[in-house]
Amino acid sequence: METVLWQTLAGTRGGPNRARVLRALSDQPRNANQLADDLDLAYNTVRYHLEVLEENGVITSSDADYGVIYLPSEQARTHWDTVEQILTQLDD
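What this report covers is the structure whose coordinates are included nearby. Computed from a predicted model, the values in this text were never measured in an experiment.

Counting 24 residues, the largest nonpolar core has Leu-35, Leu-50 and Ile-59 as its most contacted members. Contributing elements (two or more residues each) for this core: α1 (2-10), α2 (15-27), α3 (32-39), α4 (43-55) and α6 (80-91). Examining the composition of this core, we find that five residues originate from one element, α2, more than from any other. Excluding anything up to four places from it in sequence, Leu-50 contacts Val-21, Leu-25, Ala-32, Leu-35, Ile-59 and Tyr-70.

This is the structure:
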């Protein structure tokens, strides 16, 4: 999972935005619209990053058809020290 986290959050051009999304979700589970508003990103941009994070097992989502709520996965929580290390490097 550590390799996945590094690749997803720091290894690509979109990594910093994915890191912002994950950081926001660690504070409070949210839906895509709330994230877009809170992070001042386009809704479609947020949706794309949520899909990448979910496909890689970094976040999970509720089973709702409308207003799906996202939160960090158990795998990400288990490796949260790696997430924090990545976020610190991105902040520098």
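Following the structure, the description resumes.
What follows concerns the environment of Thr-60. Note on placement: Thr-60 falls in strand β1 (residues 59-61). By relative accessible area, Thr-60 is classed as partly exposed at 34%. In sequence terms Thr-60 and Ser-73 are 13 residues apart; their C-alpha atoms lie 5.2 Å from each other. Not counting the four nearest positions on each side in its chain, Thr-60 is found in contact with Glu-54, Ile-69, Tyr-70, Leu-71, Pro-72 and Ser-73.

Before going further, it helps to spend a moment on the packing of α3 against α4. At their nearest, the axes of α3 and α4 sit 9 Å apart, and the two run at 115° to each other. The element α3 and its partner α4 pack so that their crossing is right-handed. Residues Ala-32, Asn-33, Leu-35 and Ala-36 of α3 form the contact with α4, whose own contacting residues are Tyr-43, Val-46, Arg-47 and Leu-50. Among the residues making up the contact of α3 with α4, the classes are represented as six nonpolar, one polar and one charged.

Criteria and cut-off values
Residues numbered from 1 in each chain as written. Predicted model: local features only at pLDDT ≥ 70, side-chain atom pairs only at ≥ 80, totals over all residues. Heavy atoms only, no water. Core = buried A, V, L, I, M, F, W, Y, C linked by side-chain atoms within 4.5 Å. Buried < 20%, exposed > 50% of the residue type's maximum accessible area, 1.4 Å probe, protein only. Helix = DSSP H or I, 4+ residues; strand = E, 2+ residues; numbered from the N terminus. Contact = heavy atoms within 4.5 Å. Axes fitted to C-alpha atoms, helices over the stretch in contact; angles between N-to-C directions. Left-handed = near helix turned anticlockwise from the far one by under 90°. Nonpolar A, V, L, I, M, F, W, Y, C, P; charged D, E, K, R; others polar.

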